[in-house]
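Structural overview for review
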Amino acid sequence: FSENIIENFRYYRFQPDGKPRYESIGKKLTHYPVEDANRIEKPIIHMHNSNGQLQTVKAEEAYAEDFNTKVHLTDNVRLEEEGAEGKAPRILTTDYLLYYPDDMVAVTDKEVTIRRGKNVLTGVGMKSNSATQEMEMRGRVRVTIYPGGDKAEKPKNQENSAQPAPSAAKPDNQKPSGRVNVQLN
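So, how was this worked out
- Residues numbered from 1 in each chain as written.
- Predicted model: local features only at pLDDT ≥ 70, side-chain atom pairs only at ≥ 80, totals over all residues.
- Heavy atoms only, no water.
- Buried < 20%, exposed > 50% of the residue type's maximum accessible area, 1.4 Å probe, protein only.
- Core = buried A, V, L, I, M, F, W, Y, C linked by side-chain atoms within 4.5 Å.
- Helix = DSSP H or I, 4+ residues; strand = E, 2+ residues; numbered from the N terminus.
- Contact = heavy atoms within 4.5 Å.
- Pairing = 2+ DSSP bridges.
- Phe/Tyr/Trp six-rings, centres within 6.5 Å; stacked < 30°, edge-to-face > 60°.
- Salt bridge = Lys/Arg side-chain N within 4 Å of Asp/Glu carboxyl O.

1. Some thoughts on unusual backbone geometry
Despite not being glycine, Lys42 shows a phi value in the positive range, around 55 degrees. Given a relative accessible area of 41%, Lys42 falls into the partly exposed group. Despite not being glycine, Met104 shows a phi value in the positive range, around 60 degrees.

2. Brief notes about the nonpolar core
As a rule of thumb, soluble globular proteins bury nonpolar side chains together. Membership of the largest hydrophobic core comes to 26 residues, with the highest contact counts inside it found for Leu73, Leu97, Tyr99 and Met126. Broken down by secondary-structure element, the contributors of at least two residues to this core are strand E2 (20-32), strand E4 (44-48), strand E6 (61-65), strand E7 (70-81), strand E8 (90-100), strand E9 (105-116), strand E10 (119-129) and strand E12 (141-145). The leading source of residues in this core is E7, at four residues. If we skip the residues at most four places from it in the chain, Met126 touches Leu92, Leu97, Ala106, Val107, Thr108, Val112, Ile114, Met135, Glu136, Met137 and Arg138.

3. Overview of the pairing of E6
Alternating positions in E6 separate cleanly, Ala62 and Ala64 being buried on one face and Glu61, Tyr63 and Glu65 remaining unburied on the opposite face. With four bridges connecting them, strand E3 (residues 37-41) and E6 associate as antiparallel partners. Paired with Arg39 across the two strands is Tyr63, which belongs to E6. Linking E6 to E7, which pair antiparallel, is a turn of four residues; within it Asp66 sits at a positive phi near 50 degrees.

4. Here's the deal with the packing of aromatic side chains
Given two aromatic rings, their pairing is described by the distance between the two centres and the angle made by the two planes. Scanning all chains against the criterion turns up two aromatic pairs. Pairing Tyr11 with Tyr22 gives two aromatic rings, centres 6.4 Å apart and planes at 55 degrees, and the pair type is tilted. Within this pair, whereas Tyr11 is found in strand E1 (residues 4-14), its partner Tyr22 is found in strand E2, the two being separated by eleven residues in sequence. Of the residues examined, Tyr11 reaches a relative accessible area of 30% and is grouped as partly exposed. Owing to a relative accessible area of 3%, Tyr22 belongs among the buried residues under this scheme.

5. Some points on the pattern of salt bridges
Considering all chains together, one arrives at ten salt bridges under this definition. Arg10 is the partner of Glu23 in a salt bridge, and the nearest nitrogen-oxygen pair spans 2.4 Å. A residue pair is termed long-range when its members are at least 10 positions apart, and Glu23 in strand E2 and Arg10 in strand E1 qualify at 13 residues. Using a relative accessible area of 13% as the deciding quantity, one classes Glu23 as buried. Arg13 is the partner of Asp102 in a salt bridge, and the nearest nitrogen-oxygen pair spans 3.1 Å. Taken together, the positions of Asp102 in the loop between E8 and E9 and Arg13 in strand E1 put the pair 89 residues apart, joining distant regions of the chain. Judged by relative accessible area, Asp102 falls into the partly exposed class, the value being 22%. The class of Arg13 is partly exposed, set by a relative accessible area of 23%.

6. Digging into the pairing of E2
Regular strands have side chains that alternate between both faces of the sheet. Two elements, E1 and E2, share ten bridges in a ladder whose sense is antiparallel. Paired with Arg13 across the two strands is Tyr22, which belongs to E2. Where E1 folds back onto E2 in an antiparallel hairpin, the turn is made up of five residues, including Gly18, whose phi is positive at roughly 95 degrees. Pairing of E2 with E4 involves three bridges; the strand directions are antiparallel. Note that in E4 the partner of Glu23 across the bridge is His46. In terms of strand pairing, E2 meets E3 through five bridges, oriented antiparallel. Residue pairing in the sheet places His31 in a bridge with Asn38 of E3. The antiparallel pairing of E2 with E3 creates a hairpin that spans four residues between the two strands, and Asp36 there sits at a positive phi of about 50 degrees.

Laid out in structure tokens, this is it:
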């Protein structure tokens, strides 16, 4: 049985210095007192990584336990981290993600896809630490990297102004770089 139901909620967790650590938003929160856990519909978690970029985690549902320090996100999970200046955002998608918001650590044993601009990384099983900027892929890893593929796309109205002048073209003896494709099993 449930003790409390809160609809359209917003929850802040603060650091010891009084600054917000993260913000959690959801359509509906149901608190289960026996487990001291919360089931959340349409959860969204906002925080900033160690480099100051905004990180947003969304899913259809979440189950939060251990004083909301351990969050199980399920169905259409999306973790988006804004890119550094000139870089595209990093977008991670999966069906399940165990997220530790206090430590900024995300873990899954499911299939995961990570995109940054045109670059794509897929695999099964992953651990990502946004605080240290480290990531470990665990199996069936496939990587496709394009030269400059991590750059942010220019707005449509600026595309034509960024074209190089004809004199800036590469000489015929210089081969253009192509994509890098790596697959590990």
